[in-house]
Amino acid sequence: MQRTWNRRFCAVPALVWIALVGGCDHPPGVLVDAAAEVDAGPDAAADVAPLRSLTRRGLFAQTPVENRFFDPTFALIDGVAWSPFHPLSYDLCPVTRLHQPTPLGQPALRLERPAGQSTGQVVGMAKGAPGPMEVSVWLGRLVGTNVAAYRVALYGLFLDGSGAADLEPDPILAPVVMGGVTWVQHRAYIADGPLSWAYLWITNQDIVPLFITAPVLVRVTAQTRRLWPRIPAALRPLLPLERASWADWQRRLRGRFGGAPR
Amino acid sequence: MNPRLIPRARCWVLAAVTLALVAAGPPVVRAATFDDQTGRLTLDASSWSLPFDSLLELTGDLGAWFGNADDDELSGPEVAALYVEDASGLEGTGYLRMGGDVRTVRLDLDSLVPRFGGRRVEVRFWQRPEGTRISASLQWIALADPGVAESVVVGSFRFQPTGRVTDDGWEEWTSGEVDFLAAGVVPPALLELRDIQPNSHYSYVTHRNDLRVCVDGLEISDVGPALVPDALCTSVDMAEVCGAHGVCALGRCVDSAILFGPTPQDALLKDQYLDRQRFQFQTFEGGRMPQSLMNILAAAIEVARNAAAPILFWGSLRKGVSALRDGHASSPMFGWGLSAQATNFGVCIHQSEADLLPTPGAAPMVFSVEATNPVADKLQVGDVLVEVDGLPVDEWKVALDLRAGHGADPDAFDVTYAPSLIAAAGVFGGRMTFARCERTGPNPTPCTPGEVELIDVDLATLVGEPFWAGDIPGWLADNQSCDYRFLRAVDNPDVKGYSFAGFADEGPIRTLIINGLPNPYGSSGNAWLDAVTDAMDPPPQYLILDQRLGSGGSVTTTDYLMGLLLAEADFDRAEIVPMFERPLDDTVWAALDGCSSQTDCASYWPWILHETSGMDPSLRGVSANVRLAVVNGRDVSGNDFTAKLAQYRSGATRIFAAGVTHGAFGPIVSLPPHFSEISGGSMQLWDSIFVEHPGDPRQVFETGSGVPPDEVVLQRQSDALLGVDTTIEVAKAWLLQE
């Protein structure tokens, strides 16, 4: 059976092998083969496909570190970073953070509507910046319940007034099925980013849960602009619900002249 | 390095070094090995392992404990059902599958002391989330005799990801390397696996009982001898005695990984973690002064990037964040233990004027003793703390870099930190030296050097020795809330409580005591509002606003209190302004001013005094003409605002305090944890501008600079011996001067 040594210590037997068995007359390149030979077990089971393979995952999986969402992994559903409140009734919308396979390897949020309400929603804050920006998020439904009764928009204040940019399904990327969910990436390209804090507003208009993962807001550089040539989203006026949710968020903020951190 | 590039001579040198290493002992093999050809994991034979193949593994010495959401123990069939037989699983013949009603598994590692005592270890395991995930932690607990004292968590931290995952969802997690024993005697009493769903971070998250997580391949590897010596130490010699990785805790060296948590172990994850820390402070921080100091944090992050020792890694982050002067900012917390539980043994000390010592000056002095124990019994009101571990107090604070944890205006540090000095000395096991000048009667004269009595309080002997010997004294839990007041005008058992508001009259002077600005909703908030309203109805002739403990709170209550004390003509508004990453020029201001309402303006927000609280118009400025003395102590956030707004009153106003307020002008928000930290830290996303009159220029951002007193007053030692509150007497004298 092959043995994978911890990197720090694998050099020890390998170098011993060079010194004692091969000496230093062998071309150093043999080190790779030697290590494999030392580690190889008697039964390589070459004809049987491995049950799984080993890989690596970074801290934010396949999303950028410089993601301008305040909380890109849904670690703080605290009413500020992510706020799961119905803007008119103030009812708590049922949300659950899920750790399951997702297209970009990030945790997901399951969003339902509160009892007695026709929609459930969650709002997350992200920091705008001058110049072109791209916002994206993956939305999903359980396989077999693939209803498109939802809305997703980034709203904020722009130099010419407040407005919202609707995110649309990516026309190029095909839906992805993972973890029993059919995922579709939604995007919007914004010609000039919102002033400071903006809000991703996701509303589920159906009784079946909506799944959300990998919200990303990034500045579009000259290089990425070439990769993603897009027509900027047209900004539209805020919907009454969006305006209400913004007001609700601000209301929560005003209770937060907290004391010194511990 | 490409092996082909190794020259022959260098190769022989390497071989010789290798032989020397081999001669020194067998190579240490660590971590389970993953077989690429089979896709299976093999636990290392030389490690202590727990393959989770059978319930029998967990019986006996490990004393496995299974708990539900209420921390009630589960047993029998419920536990047996947790095992899943799966020969094609990650490792062995099966794994543990928890979640749902089974929230917690605790393992007692005490039986491993003979094997790992004196050694350094690393614990690894694998988990496969099926909707939820495990948070694993190691906890070093000093156990007390039941009924005598409470057990104390010496240190605790959570596991971290290694970055190794499989394509079917298994993830490897590690404790990181850590000495098995704390101070050579306390083993990690618990290895806890907990479903992360019922976590305080998710206060608005709906728990689902159908989520599971699989656990497999737990092993403890011996990675060598303990890194930190089992030695006696003091706060001032710990670098030399305990080494780079050690910290002096209660007089003995302890691995800093136990107290603060290990550093991120994987190089890539460490880089990404630090890059995110830098990015979020650079991008999200709203304070303009903090932004101007961001290069200090950036430099501290680079120190952390190259740091191997936890004390340096987490300490650098802490120091860098504190240097920003954002009084709401805090760095991530990865470990939790002694310092969080440290007490003052029932003794409050505050920065004072030691006017009876031969060399008078500002120094921490005992304000009150409210306990009976070997520490408190040595001290009395008026005793002045002059040294810790042989260093003058100010030098000791510098030597230990205690200011690194203070993120506010640096000028506030000496006053606000003084009550924490006893607890800080206690954590190290320091020897505190107090100076006593016995005097009675009015007009006491300073002591000569020969008259000063020095009192040593050796916390290593009084606390550390019994603690590490397993005999935790019950009085270790003695603690007193310190409120920066020598005396209180109001006699009420809750007078130090956060939500307290109350007043009392002495002749024409009314004193209103508050300790913060609690949320107006709920019974305590209502009681606070009632008390404040009653204090102004009718308005007194003279008023002392005693907010020496000012822990901040709600904008609404801040608006209400100051709305009573300021006329509408006194002050227009404060503007709560985020960072824009573009010049805040006329174009941006026009966009902000043009918002269709006050609720959709990029989180910019004009706080118009008297309007935010919705106070009755008849109450606006009802006490605007009252002669007002504001007495500050430790004032932060909402109480920064009350102090600042008081300066705009048209009525006679004067601020008395020992130092400046924190300068935290804006709301606080928590930062998300990214690396299984206990807390991701916090910061202020906004800064504040004060606009006295409509149309005034909007230019000066206030965060980072506290409100200075009009008159600096410290409690005098001579007054303390007479039972007189110096600050209040000075304030009264000014009020009556009219």
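Residues numbered from 1 in each chain as written. Chains lettered and ligands numbered in written order. Predicted model: local features only at pLDDT ≥ 70, side-chain atom pairs only at ≥ 80, totals over all residues.

## What to know about the overall build of chain A
What chain A contains, in helices and strands, is four helices and 13 strands. Taken across its 262 residues, chain A has 45% of its residues classed as buried. (Helix = DSSP H or I, 4+ residues; strand = E, 2+ residues; numbered from the N terminus. Buried ≥ 20, exposed ≤ 12 C-beta atoms within 10 Å, placed from the backbone.)

## Focus: the overall build of chain B
In terms of helices and strands, chain B carries 20 helices and 37 strands. Relative to its length of 738 residues, chain B is compact, with a C-alpha radius of gyration of 29 Å against a globular reference of 27 Å. Here the C-alpha coordinates of chain B stretch approximately 90 × 75 × 65 Å along the principal axes. Relative to its full complement of 738 residues, chain B shows a buried share of 55%. Summarising the internal contacts of chain B: among those between residues at least 6 apart in sequence, 73% fall at separations of at least 24. (Rg over C-alpha atoms; globule rule 2.2 N^0.38 Å. Contact = placed C-beta atoms within 7 Å.)

## A look at the domain arrangement of chain B
Residue and element names in this part refer to chain B. Examined at the domain level, chain B breaks down into domain 1 (34-226), domain 2 (342-477) and domain 3 (486-569 + 610-664 + 706-738). In this structure, domain 2 and domain 3 have C-alpha centres spaced 29 Å apart. Each side of the interface is counted separately: domain 2 has 23 residues, and domain 3 has 19 residues. Taken together, the elements giving at least two residues each to the side of domain 2 that touches domain 3 come down to strand 20 (347-353), strand 21 (362-369) and helix 12 (413-417). (Domains from an automatic or database assignment.)

## Here we look at unusual backbone geometry
In terms of backbone geometry, most residues other than glycine have negative phi values and most peptide bonds are trans. Here the bond from B:Asp537 into B:Pro538 is cis, since omega is 0 degrees, no more than 30 degrees from zero. Of note in this structure, A:Ser196 is not a glycine but carries a positive phi near 55 degrees. Topologically, A:Ser196 is positioned in the loop between strand 11 (181-190) and strand 12 (197-204). Note on A:Ser196: 27 C-beta atoms within 10 Å, which makes it buried.

## What about the sheet that holds strand 2 (residues 82-83) of chain A?
Residues and elements named next belong to chain A. Strand order in the open sheet formed by five strands is 2-5-12-7-8, with antiparallel pairing between adjacent strands. Pairing within the sheet leaves two strands with one partner each, and these edge strands are strand 2 and strand 8 (161-166). Where strand 7 (residues 150-158) meets strand 12, six bridges bridge the pair, whose relative direction is antiparallel. In the sheet register, Arg151 faces strand 12, and the bridge partner there is Thr203. (Pairing = 2+ DSSP bridges.)

## Quick word on the packing of helix 6 (residues 267-284) of chain B against helix 8 (residues 294-305) of chain B
All names here are of chain B. Contact geometry for helix 6 and helix 8: axes closest at 10 Å, N-to-C directions at 175 degrees. Here helix 6 is positioned roughly antiparallel relative to helix 8, judged by the angle of their axes. For the pair helix 6 and helix 8, contact is made by Asp271, Leu274, Gln277, Arg278, Phe281 and Gln282 and by Met294, Leu297, Ala298, Ile301, Ala304 and Arg305, respectively. Here the contact of helix 6 with helix 8 is composed, by residue class, of seven nonpolar, two polar and three charged. (Axes fitted to C-alpha atoms, helices over the stretch in contact; angles between N-to-C directions. Parallel < 35°, antiparallel > 145°, perpendicular 65-115°, else oblique. Nonpolar A, V, L, I, M, F, W, Y, C, P; charged D, E, K, R; others polar.)

## Quick notes on the sheet that holds strand 11 (residues 152-158) of chain B
The pairing of strands in a sheet happens through backbone hydrogen bonds and is either parallel or antiparallel. All names here are of chain B. Pairing is antiparallel across the open sheet formed by seven strands, whose spatial order is 5-4-8-15-10-11-19. Lying at the two open borders of the sheet, with one neighbouring strand each, are strand 5 (73-74) and strand 19 (335-337). Of the pairings in the sheet, the one linking strand 4 (residues 65-67) to strand 8 (residues 104-108) comprises three bridges and is antiparallel in character. Bridge assignment links Phe66 to a residue of strand 8, and that residue is Val105.

## Notes on helix 14 (residues 459-468) of chain B
Residues and elements named next belong to chain B. Taking burial as the measure, the ten residues of helix 14 include seven buried ones, the bulk of the element. Lining the buried residues of helix 14 we find strand 10 (134-142), strand 18 (252-255), helix 13 (421-428), strand 24 (431-436) and strand 25 (453-458). Immediately beyond the C-terminal end of helix 14, within one or two residues, lies Gly470, with a positive phi of roughly 85 degrees.

## Focus: the environment of B:Leu714
Considering the arrangement of structural elements, one finds B:Leu714 in the loop between strand 36 (711-712) and strand 37 (715-716). Counting along the chain gives 55 residues from B:Leu714 to B:Gly659, while the straight-line C-alpha distance between them is 8.7 Å.

## Focus: the pairing of strand 31 (residues 627-635) of chain B
All names here are of chain B. Counting buried residues along strand 31, nine of its nine residues qualify, which places the element largely inside the surrounding structure. In this structure, strand 31 lies alongside strand 32 (residues 653-657), joined through four bridges in parallel fashion. Looking at the pairing, Val631 lines up with Phe656 of strand 32.

## Digging into the confidence of the model for chain A
Detail in the predicted coordinates should be disregarded across regions flagged by low pLDDT. A residue-level look at chain A finds 75% of positions with pLDDT of 70 or above and a mean pLDDT of 79. Here residues 1-42 of chain A is a poorly scored stretch, pLDDT under 50, and it has 60 contacts once near neighbours within four places are set aside; other chains count. (pLDDT = per-residue confidence, 0-100.)

## Things to note about helix 15 (residues 523-535) of chain B
Residues lying three or four places apart along an α-helix face the same way, a consequence of the helix completing one turn every 3.6 residues. All names here are of chain B. Taking 1.5 Å as the rise per residue, helix 15 with 13 residues should run 18 Å; its terminal C-alpha atoms sit 18 Å apart, in good agreement. Every buried residue of helix 15 is accounted for by Trp528, Val532 and Ala535. Seen from one end, helix 15 has its buried residues packed into an arc of 60 degrees, which puts them on one side. Projecting away from the buried face of helix 15 at angles above 90 degrees are the exposed residues Ser523, Asp530 and Asp534. Elements in contact with the buried residues of helix 15: strand 26 (501-506), strand 27 (509-514) and helix 16 (555-565). (Expected span 1.5 Å × (residues − 1). Arc of directions from axis to C-beta.)

## Remarks on the environment of B:Ser637
The topology assignment puts B:Ser637 in the loop between strand 31 and helix 18 (638-646). Along the primary structure B:Ser637 and B:Pro540 are separated by 97 residues, whereas in three dimensions their C-alpha atoms are 27 Å apart.

## Notes on the nonpolar core
One finds A:Leu154, B:Val215, B:Ala249, B:Val347 and B:Ile349 to be the most contacted residues of the largest nonpolar core, which totals 269 residues. Ignoring anything within four residues of it in the chain, the contact list for A:Leu154 reads A:Val135, A:Ala164, A:Ala165, A:Leu167, A:Ala188, A:Ala198 and A:Leu200. (Core = buried A, V, L, I, M, F, W, Y, C linked by C-beta atoms within 7 Å.)

## Things to note about the packing of helix 8 of chain B against helix 9 (residues 310-322) of chain B
All names here are of chain B. In the contact formed by helix 8 and helix 9, the axes pass within 8 Å of each other and the chain directions differ by 180 degrees. For the element pair helix 8 / helix 9, the angle class is roughly antiparallel. Listed contacts from helix 9 to Ile296, Leu297, Ala300, Ile301, Val303 and Ala304 of helix 8 are Phe313, Ser316, Leu317, Lys319, Gly320 and Val321. Broken down by class, the residue content of the contact of helix 8 with helix 9 amounts to nine nonpolar, two polar and one charged.

## Side note on the pairing of strand 12 (residues 160-166) of chain B
For strand 12 of chain B, the buried fraction is high: seven of the seven residues fall into the buried class. The pairing of strand 1 (residues 54-56) of chain A with strand 12 of chain B spans three bridges and is antiparallel. Bridge pairing in strand 12 of chain B places A:Arg56 opposite B:Arg164. For strand 12 of chain B and strand 13 (residues 171-174) of chain B, the ladder comprises three bridges, and the chain directions are antiparallel. Residue pairing for strand 13 of chain B: B:Gln160 is matched across the bridge by B:Thr174. In textbook terms, the turn of a hairpin is the stretch between consecutive antiparallel strands, and for strand 12 of chain B and strand 13 of chain B this stretch comprises four residues, one of which, B:Gly169, has a positive phi near 100 degrees.

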